[in-house]
Amino acid sequence: MKDLITERTPLVIAAEINTIRHQTGKILLAGAIEIGRRLKEVKDLLPHGEWGKWLKESVSYSQRTADRLMQLCEEYGPKLLVSPESDGNPNSSLVTNLTYTQALILLGIPEEERDEFIAEQDVESMTKLELQQAVKDREQAIQEKKDLQKDLNLKSSEIAQLTTQAKSLEKQVKDYKSKYSAEQEKVTIKQRELEAAKEEIPSASKIAELEKKLKTAETKSSLMTADAQFTIHRDNMIKAYDELLKMLTGLDRTDLEMKEKYRETASKIVENMAKTLKVWPPVIKTNLSFNTTNS
């Protein structure tokens, strides 16, 4: 008979205490849900503006406490309360084994995701602090996922924009190459005309005229090349400047110190570039002096 008596050890007593505490928490949750159901009933019966007064005078509840109790009823009542018309069994759900404290903490998780969270985290065996941290970690993970998706969408938009810009630049380069080729063809034709004229031993005036036309064609071709190069460099500078502004705008929301550092560096570069472009090419200076008197 003595063998059937469980030895009273600290471990056994702790297990008993935790079991009693858990059962008490479940009873407290059931009572809170019943109170919340009755609070909802009273709120629907009272005239507008009388709710706060009734809470204070009749049940000594604050508005916040009453709202929390009614929320517990709305969120958990359908699964924990048994109506007179039911067969006596509440809906099968993992929330049926929650305590009052656990139920309050889990209000931060949407109802449709709550059972899955309880199953994955083994909520029943967690302490209050562990459960609070798990809910916090979940919220942080969701936010990080949203931020990552936002960044991904932004990068996709930037890539699409850069692709469009690259295609535009390619078209411009192609157009300028076409114009350059046309001008080069004109130069070639003029060169052939000049060579043909020289072979026919034309007059000096004819040769001079042809040489003048050739020089004009070469100059025009050179100007077209310079114009194409300038347009491409100008557009690249403008686009690079726009991208720099976008980067600084992004850093303004995430790292003000780094944003300011890059802004100052970029500002100095632009100032130096503007200063250099005021006179370019620079005037050649010399420290040599010339003695104009006869020696």
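One can find the structure itself at the top, above this paragraph.
The residue numbering used here restarts from 1 in each chain and proceeds along that chain's sequence as written. It should be noted that, the model being predicted, local features are given only for residues of pLDDT at least 70 and side-chain atom pairs only at 80 or more, the latter also being counted only at that level, while totals for whole chains, interfaces and linings use all residues. With hydrogens and water stripped out, all remaining heavy atoms of the structure feed into the side-chain values.

**Student:** Hey, could you run me through the nonpolar core in this one?
**Tutor:** Grouped burial of nonpolar side chains is what soluble globular proteins tend to show. In this description, a nonpolar core means a group of buried Ala, Val, Leu, Ile, Met, Phe, Trp, Tyr and Cys residues linked to one another through side-chain atoms lying within 4.5 Å. Relative accessibility thresholds used throughout: buried, under 20% of the residue-type maximum; exposed, over 50%; partly exposed, between the two (1.4 Å probe, protein chains only). Among the nonpolar cores identified, the biggest contains 28 residues, and Leu72, Tyr76, Leu98, Leu106, Phe117, Val123 and Leu131 are the most heavily contacted of them. Those elements that provide at least two residues to this core are helix H1 (10–45), helix H2 (51–59), helix H3 (63–80), helix H4 (100–105), helix H5 (111–121) and helix H6 (128–199). Secondary structure elements are defined from DSSP: runs of H or I of at least 4 residues count as helices, runs of E of at least 2 residues count as strands, and each element is numbered from the N terminus. Among the elements that make up this core, the one with the highest residue count is H3 (6 residues). Counting 5 residues, the second-largest nonpolar core is a separate cluster that includes Val187, Leu210, Leu214 and Ala217.

**Student:** What should I look at first to understand the packing of H1 against H3 in this one?
**Tutor:** Between two packed helices, what matters for the description is the angle formed by their axes and the separation of those axes. Axes, fitted as lines to C-alpha atoms, cover a helix only where it is in contact. Angles between the N-to-C directions of the axes lie from 0 to 180 degrees. Running from amino to carboxyl end, H1 crosses H3 at an angle of 110°, the nearest separation of the two axes being 7 Å. Of the possible angle classes, the one that applies to H1 and H3 is roughly perpendicular. When the axes of H1 and H3 are compared, the crossing they make is left-handed. Residue-level inspection shows Leu29, Ala32, Ile33, Ile35, Gly36, Arg37, Leu39, Lys40 and Lys43 of H1 in contact with H3, the latter providing Ala66, Leu69, Met70, Leu72, Cys73, Glu74, Tyr76, Gly77 and Leu80. By the definition adopted for this analysis, an angle is roughly parallel if under 35 degrees, roughly antiparallel if over 145, roughly perpendicular if from 65 to 115, and oblique otherwise. Crossings are sorted by hand: turned counterclockwise from the far helix by less than a right angle, the near helix makes the crossing left-handed, and turned clockwise it makes it right-handed. Contacts are assigned to residue pairs that have any heavy atoms within 4.5 Å of one another.

**Student:** Looking at this structure, how should I read the side chain of Asp235?
**Tutor:** Checked against the element boundaries, Asp235 lands in helix H7 (residues 204–254). Beyond its immediate sequence surroundings of up to four residues, Asp235 is in contact with Leu169 and Gln172.

**Student:** Help me understand the packing of aromatic side chains, please; the structure alone is not making it clear to me.
**Tutor:** What characterises a pair of aromatic rings is the spacing of the ring centres plus the angle enclosed by the ring planes. Aromatic rings from Phe, Tyr and Trp, with only the six-membered ring used for Trp, were paired whenever their centres fell within 6.5 Å, and each pair was classed as stacked if the ring planes differed by under 30 degrees, edge-to-face if by over 60, and tilted otherwise. Tallied over the entire structure, the rule returns 1 aromatic pair. Between the aromatic rings of Trp51 and Trp54, the centroid separation amounts to 5.9 Å while the plane-to-plane angle is 10°, which identifies the pairing as stacked. You can see Trp51 and its partner Trp54 sitting in helix H2, 3 residues apart, about one turn around the helix. A relative accessible area of 23% places Trp54 in the partly exposed class.

These results come straight from atomic positions and should not be treated as a statement about function.
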